[in-house]
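A look at the structure
Listed below are the residues making up each chain.
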Amino acid sequence: MGKLLALPLLAVLLMMTGCMDVNDNEETSHNEDTLNGNTMDSYNEKPLEGQVGYVRYKKDQLDQDVEKKRNIQINREQMSDMISRMILRYDGFEDVATLVTDYEVLVAYQKPTDMDPKLAADMVQKTAYSMVPSFYRVYTSDKQSAFGDIQSVSTSTVYDEQYREVIDSIINKMKKAPQGKVKQNDDQMGTHGKMTNQG
């Protein structure tokens, strides 16, 4: 009887140990990008709904060589969702499609009928710029065909064959529509958005 009871207890203990290892591994991988120090100066482990985001680093806590090579990562789906929702808050805008790539934001929209096309483009462009990192470029179009163009690459990845050529082709078409007043010097962006060294 004692042997029969010992086997299930051993199995439960082994399962608990395995779960603890998984939790330890998850915490280790989470903490690899979080600095040791005050709890108040780290990421909020389980942020409450509506809680602010807060992180504090001192420069000497970061490996500067690693930081220079670190890619800034954003959730492109969430970013495109936020941009579209913000534009739809403006009176008269009824239809907006936004595509966020690795270095560009492409926005197709139906402008209000009584609004100047340049003013509409300016509002859309500035809204998108206000929500993305400064190395992004924003392209807008009020042409109906732009909706189909953007949707045609909505399931693409940046690693797809001919991805870059397709995006560049769409951008060239969108540039024929009003673009807003924010000046974009694409020549300074280097290869597909990467800043070139200015000597």
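Summarised in this report is the structure supplied together with it. (Residues numbered from 1 in each chain as written. Predicted model: local features only at pLDDT ≥ 70, side-chain atom pairs only at ≥ 80, totals over all residues. Heavy atoms only, no water.)

Description of helix α3 (residues 76-88)
In an α-helix, one turn spans 3.6 residues; hence positions three or four apart end up facing the same way. With 13 residues, α3 should cover 18 Å at 1.5 Å per step; its first-to-last C-alpha distance of 18 Å lies within 8% of that length. For α3, the secondary structure elements touched by its buried residues are β1 (95-100), β2 (104-110) and α4 (117-129). Among the residues of α3, the N-terminal cap falls to Asn75, whose side-chain oxygen and the backbone nitrogen of Glu77 are separated by 3.1 Å. (Helix = DSSP H or I, 4+ residues; strand = E, 2+ residues; numbered from the N terminus. Expected span 1.5 Å × (residues − 1). Contact = heavy atoms within 4.5 Å. Polar contact = N/O pair within 3.5 Å; in protein donor to acceptor, adjacent residues only side chain to side chain.)

Some points on the layout of surface pockets
Of the volumes computed, that of the second largest pocket is approximately 400 Å³. Around the second largest pocket, the lining comprises 19 residues; the ones closest to its centre are Glu77, Leu99, Val100, Val153 and Ser154. Secondary-structure elements contributing two or more residues to the lining of the second largest pocket are α3, β1, α5 (145-152) and α6 (163-174). By residue class, the composition of the lining of the second largest pocket is nine nonpolar, seven polar and three charged. (1 Å grid on protein atoms, 1.4 Å probe; cavity = no way out; pocket = protein on both sides within 12 Å on 5 of 7 lines; lining within 4 Å. Points joined across faces, edges and corners; volume = space filled by probe spheres on them. Nonpolar A, V, L, I, M, F, W, Y, C, P; charged D, E, K, R; others polar.)

A few points about the sheet that holds β1
Taking strand neighbours across the sheet as the criterion, the three strands line up as β1-β2-β3 in an open arrangement whose pairing is mixed. The two strands at the open ends of the sheet, each matched to only one other strand, are β1 and β3 (137-141). For this sheet the average axis-to-axis angle between neighbouring strands, irrespective of direction, equals 15°. Looking at chain direction, β1 and β2 are connected through six bridges and run antiparallel. The partner of Ala97 across the bridge, within β2, is Ala108. With respect to the sheet, α3 is in contact with β1 and β2, its orientation differing from that of β1 by roughly 155°. Contacts from α5 reach β1, β2 and β3, with the element oriented near 140° to β2. (Pairing = 2+ DSSP bridges. Axes fitted to C-alpha atoms, helices over the stretch in contact; angles between N-to-C directions.)

By themselves, these figures tell us nothing about what the structure is for.
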